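# Fold and geometry: a report
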Amino acid sequence: MATKTLLQAIHDGLAEEMRADETVMVMGEDVGRAGGVFRVTQGLQEEFGPERALDTPLAESLIAGSAIGLSVNGMRPVAEIQFADFIPPAFDQIVSEAARFYYRSNGAWNVPITIRAPYGVVPGGALYHSQSVEAYFCNTPGLKVVAPTFPADAKGMLKSAIRDPNPVLFFEHKRTYRMIKEEVPDDDYTVPLGEARIHREGTDITVCAYGLVLYTALQVAQRFSEEHGIEVEIVEPRTLYPLDKETILNSARKTGKFLVISEANLTGSVSGEIAAVVAHEAFEWLDAPVMRLGAPDVPAAAFARPMMDFFVPGEERIEAAMLELARY
Amino acid sequence: MERTQARHEALDLDESDLLRMYRAMLLARRVDERSWILNRQGKAAFVISCQGQEAAQVGAAYNMRPGYDYVYPYYRDAAITLFLGQSARDQFLSLLGKKEDPNSGGRQMPGHFSSRKLNIVTASAPVGVQYPQAVGSALAFKMRGEDGVVLVSGGEGSTSQGDWHEAMNFAGLHDLPVIFLVQNNAYAISIPEKLEVAGSIASRAAGYGFPGHAVDGNDVLAVYETAKEAFERARRGEGPTLIEARTYRLTAHSSDDDDRRYREREEIEEWRQKDPILRFEKYLAEVEVLDEEKREEIDAEIKAEVAEASDYAESAPYADPEEVLERVYAEV
Ligand SMILES: Cc1ncc(C[n+]2csc(CCOP(=O)(O)OP(=O)(O)O)c2C)c(N)n1
Ligand SMILES: [Mg+2]
């Protein structure tokens, strides 16, 4: 075991899968020689050559579409969209094509691809290097959408994604790439897709979150325990679509108070779906209204630091929402 | 006489090749005609035709090794899929949305072909999406050092899409073993070529660094010849080719379209005179491969096959409605 950042863990997951299976390859803008704009694919081209660590032209629809074509001819491509903000040109290939190959061919053609996309607000990112686009994809049967937050989960889930016979969209919060570190096992392990994780057991309220806001919520929860004696249970969906409803519902039923937080614009977010599931299926256990906290419904995210900070649900807003819920 | 005979012989085609081509074209035509009858009878909800484009399709596909090379067809490519090994039954099962529809088990519209066995990659409706996928499959062949070729097909309308250009660029960059077959039938629904195609399609290939050929798409031997060169080039690892097969859509865009709103009857009549099947029959008669008696015999066989297939599909069952819930995700 060694302490790894999220970025290192993802890098290691890619390198190990490429070593273990010669059909695995990475492709995208600047992923080869340069090793990626965030250095996630650093060294892969040196080790695996220019085809298996392929620098592509600047064309997102081509990246996703050719990954599909590679996958139906024996390869397991991991395509990188340099920033999630630039995924819209690939939307058709992901949503109309990759997600539907299996269904529309009545089970004849499956598409084992992974599409990685760094998302989330980061200082300096401004309006086009900041967005949380996951909700656009969480209404698409046939697609799996994952957004692990912690390094060990990310590595294990990336391996599962690569080995999965279906298309998997893999979101990485780029502000946490070097911020979040933890011990990551060295052995070849996987973390299954479709399973939520309980980070912290608690009895008073449930907070469901992913990405940077999860990291923040965990810190607030620790203080709540120490300062107020409030025990917060924290659930991370890890897979956003299809949801692990059971784990989420079990926690909501246990505490009776449920808050879901994400960095996405609130209206139409994945949080809305999670809240609806809890409101409907845990209704009889609830002692408070299901609460949601998200970014305001304005474009993500303004460049100037004070405006950027105002946009992201930070410690203060998360703490206030948790207190409000606990007081019911 | 001597000169015309040399045409197919120069291409290393013998009598049985010519008859195979002819049968595939005629079968596609007769299946298509029968589909419109089923539509008028209220039995087929939707028809999309290959009529007029059979020569372009068979001429190109004749170079394929079915089940080894890959094909990304578009919705008019019934003559390609029939030639590769789908049957008339398959077409009618799909037309009527029956459980045994090999393309999709009744999930997709007719014309959205798929066969894992024949390497016919599942097709869909958004125009142009097949091109990036096709170059990806071609890259896989190249990476493994195999000599597989990918044939990707579409209408001239699809060349307006970014996906077409992105794929052309990528194919040129990596010398991929892919053949772009553009069936220029002069219309994208109602939009005539002059409102959709700037310059010429064939000449665009030069900008991407590989050969582009405009060919008479109603002449099956001309298409075959051009495609043969393209397939050989691809197999030698020399890269892609663009083929613009100039042809004409003899029917309305689909059974939901009324083409009287946007084109003259005289124009269609003119092109009926250039029908690729009549034209090939004429050639076959000239080279004494087909006389009237033989032609009638083949047609009768095909019509019987089509009638049987159509009846079979009509009486075939639908999938259980609950099957709509199945096969969304492949099992891990
Ligand atoms: C992206 C997209 N836009 C619009 C349509 C509707 N549509 C279906 S076929 C077609 C015309 C296609 O023309 P062309 O590519 O020339 O093929 P043809 O039908 O003439 O063979 C249109 C507009 C579609 N299927 N996909
Ligand atoms: Mg057209």
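Structure's up top.
Here we summarise the structure given alongside this text. (Residues numbered from 1 in each chain as written. Chains lettered and ligands numbered in written order. Predicted model: local features only at pLDDT ≥ 70, side-chain atom pairs only at ≥ 80, totals over all residues. Heavy atoms only, no water.)

### Structural notes on the overall build of chain A
Helix and strand counts for chain A come out as twelve helices and 14 strands. In terms of overall size, chain A behaves like a compact globule, its C-alpha atoms giving a radius of gyration of 19 Å where 328 residues would be expected to give roughly 20 Å. Across its three principal axes, chain A shows a C-alpha extent of roughly 55 × 45 × 40 Å. Carbon and sulfur atoms make up 51% of the accessible area of chain A, which amounts to about 11,900 Å² in all. (Helix = DSSP H or I, 4+ residues; strand = E, 2+ residues; numbered from the N terminus. Rg over C-alpha atoms; globule rule 2.2 N^0.38 Å. Areas by Shrake-Rupley, 256 points an atom, 1.4 Å probe, with all protein chains shown as cover.)

### Some words on the coordination of the magnesium ion (ligand 2)
Residue and element names in this part refer to chain B. At this site the magnesium ion (ligand 2) is bound by Glu 156 (OE), Glu 156 (OE), Asn 185 (OD1) and Tyr 187 (O), with donor distances of 2.0 to 2.7 Å. Each of the six donor atoms bound to the magnesium ion (ligand 2) contributes to angles spanning 52 to 169°, and the resulting shape is irregular. Considered as a linear motif, the donors of the magnesium ion (ligand 2) on their single chain read E-x28-N-x1-Y. Relative accessible area serves as the criterion here: at 3%, Asn 185 is assigned to the buried category. (Donors = N, O, S within 2.8 Å, 3.2 Å for Na, K, Ca; no water. Tetrahedral: all angles 85-135°; square planar, octahedral: opposite > 155°, others 65-115°. Buried < 20%, exposed > 50% of the residue type's maximum accessible area, 1.4 Å probe, protein only.)

### Some remarks on the interface of chain B and chain A
On the chain A side, the residues contacting the 44 residues of chain B number 42 residues. Summed over both partners, the interface of chain B with chain A comes to about 3,500 Å²; 59% of that surface belongs to carbon and sulfur atoms. When residues of chain B are sorted by the area they lose upon contact with chain A, B:Arg116, B:Met143 and B:Tyr329 head the list and together hold 21% of the total. Along the contact surface separating chain B from chain A lie zero salt bridges. Where chain B packs against chain A, one counts 23 residue pairs in polar contact (both at pLDDT 80 or more). No other element matches helix H6 (residues 130–143) of chain B, which puts ten residues into the side of chain B that touches chain A. Partitioning the side of chain B that touches chain A into residue classes produces 21 nonpolar, 14 polar and nine charged. (Contact = heavy atoms within 4.5 Å. Buried area = accessible area lost by both parts, 1.4 Å probe. Salt bridge = Lys/Arg side-chain N within 4 Å of Asp/Glu carboxyl O. Polar contact = N/O pair within 3.5 Å; in protein donor to acceptor, adjacent residues only side chain to side chain. Nonpolar A, V, L, I, M, F, W, Y, C, P; charged D, E, K, R; others polar.)

### A word on the site of ligand 1
Residue and element names in this part refer to chain B. Residues in contact with ligand 1 amount to 16 residues; listed here are only the nearest, Tyr 74, Tyr 75, Arg 76, Gly 157 and Tyr 187. Glu 156 places a side-chain nitrogen or oxygen 3.0 Å from an oxygen atom of ligand 1. Between ligand 1 and the protein, one listed contact pairs an oxygen atom with a backbone N or O atom of Tyr 187 at 2.7 Å. Here ligand 1 loses 71% of its free accessible area of 580 Å² to cover by the protein chains. (Near = heavy atom within 4 Å.)

### Quick notes on the side chain of B:Thr122
Mapped onto the elements, B:Thr122 comes out in the loop between helix H5 (88–95) and H6. Look at B:Thr122 and you get buried, because its relative accessible area is 1%. Once residues lying within four places of it in the same chain are set aside, the contact partners of B:Thr122 are A:Phe101, A:Arg104, A:Ser105, A:Trp109, B:Gln108, B:Phe113 and B:Ser114.

### Considering the nonpolar core
With 82 residues, the main nonpolar core has A:Phe137, A:Phe171, B:Val178 and B:Phe180 as its most contacted residues. Looking at which element gives the most residues to this core, the answer is H6(B), with eight residues. When residues are assigned to domains, this core turns out to be shared by domain 1 (2–184) and domain 2 (197–327) of chain A, each giving three or more. With residues up to four places along the chain from it excluded, the contact list for A:Phe171 reads A:Ala84, A:Ala117, A:Tyr119, A:Val133, A:Glu134, A:Phe137, A:Val145, A:Val146, A:Ala147 and A:Pro148. (Core = buried A, V, L, I, M, F, W, Y, C linked by side-chain atoms within 4.5 Å. Domains from an automatic or database assignment.)

### Brief notes about helix H8 (residues 212–228) of chain A
Residues and elements named next belong to chain A. Taking 1.5 Å as the rise per residue, H8 with 17 residues should run 24 Å; its terminal C-alpha atoms sit 24 Å apart, in good agreement. Among all positions in H8, only Leu 212, Val 213, Leu 214, Thr 216, Ala 217, Leu 218, Val 220, Ala 221 and Phe 224 are buried. Of the surrounding secondary structure, the elements contacted by the buried residues of H8 are strand S7 (168–173), strand S9 (197–200), strand S10 (205–209), strand S11 (232–236), strand S13 (258–265) and helix H12 (315–326). Phi for Gly 229, located one or two positions after H8, is positive at around 65°. (Expected span 1.5 Å × (residues − 1).)

### Some remarks on the pattern of salt bridges
A complete count under the given rule lists 52 salt bridges over all chains for this structure. A:Lys159 is the salt-bridge partner of A:Glu16, the closest N and O atoms lying 2.6 Å from each other. Of this pair, A:Glu16 sits in helix H1 (residues 6–20) while A:Lys159 sits in helix H7 (residues 151–163), placing them 143 residues apart in sequence. Here B:Arg30 and B:Glu33 are joined by a salt bridge, their closest N and O atoms 2.9 Å apart. Here B:Arg30 pairs with B:Glu33, and both are found in helix H2 (residues 15–40), just three residues apart, close to one helical turn. Of the residues examined, B:Glu33 reaches a relative accessible area of 30% and is grouped as partly exposed. Through salt bridges with shared partners, a single network forms among B:Arg30, B:Glu33, B:Glu281, B:Glu292, B:Arg295, B:Asp299 and B:Lys303.

### Quick look at the packing of aromatic side chains
Here the structure, examined in full by the defined rule, presents 20 aromatic pairs over all chains. Looking at A:Arg253, its charged tip hangs above the ring of A:Trp285, at a distance of 4.7 Å from the centre. (Phe/Tyr/Trp six-rings, centres within 6.5 Å; stacked < 30°, edge-to-face > 60°. Lys NZ or Arg CZ within 6 Å of the ring centre and 35° of its normal.)

### Quick notes on the sheet that holds strand S4 (residues 76–80) of chain A
Residue and element names in this part refer to chain A. Reading across the sheet, the seven strands line up as S3-S2-S4-S5-S7-S6-S12 and stay open at both edges, with mixed pairing between neighbours. Here the strands that pair on one side only, and so sit at the sheet edges, are strand S3 (53–55) and strand S12 (239–241). Direction aside, the axes of adjacent strands within the sheet are offset by 25° on average. Two elements, strand S2 (residues 24–28) and S4, share five bridges in a ladder whose sense is parallel. Note on S4: the bridge partner recorded for Met 27 is Ala 79. (Pairing = 2+ DSSP bridges. Axes fitted to C-alpha atoms, helices over the stretch in contact; angles between N-to-C directions.)

### Notes on the state of the cysteines
Applying the stated criterion to the full structure yields zero disulfides over all chains. Take A:Cys138: it sits in no disulfide, and the sulfur closest to it among the cysteines is that of A:Cys208, at 12 Å. (Disulfide = S-S within 2.5 Å.)

### Overview of the packing of H2(B) against helix H12 (residues 292–315) of chain B
All names here are of chain B. Where H2 meets H12, the axes come as close as 9 Å, and the angle between the chain directions of the two elements is 45°. Judged by the inter-axis angle, H2 sits oblique to H12. H2 and H12 meet at a crossing whose hand is right-handed. Contacts between H2 and H12 involve Leu 19, Tyr 22, Arg 23, Leu 26, Leu 27, Arg 30, Val 31, Arg 34 and Leu 38 from the first element and Lys 294, Arg 295, Ile 298, Asp 299, Glu 301, Ile 302, Lys 303, Glu 305, Val 306, Ser 310 and Glu 314 from the second. Here the contact of H2 with H12 is built from residues that sort into nine nonpolar, one polar and ten charged. (Parallel < 35°, antiparallel > 145°, perpendicular 65-115°, else oblique. Left-handed = near helix turned anticlockwise from the far one by under 90°.)

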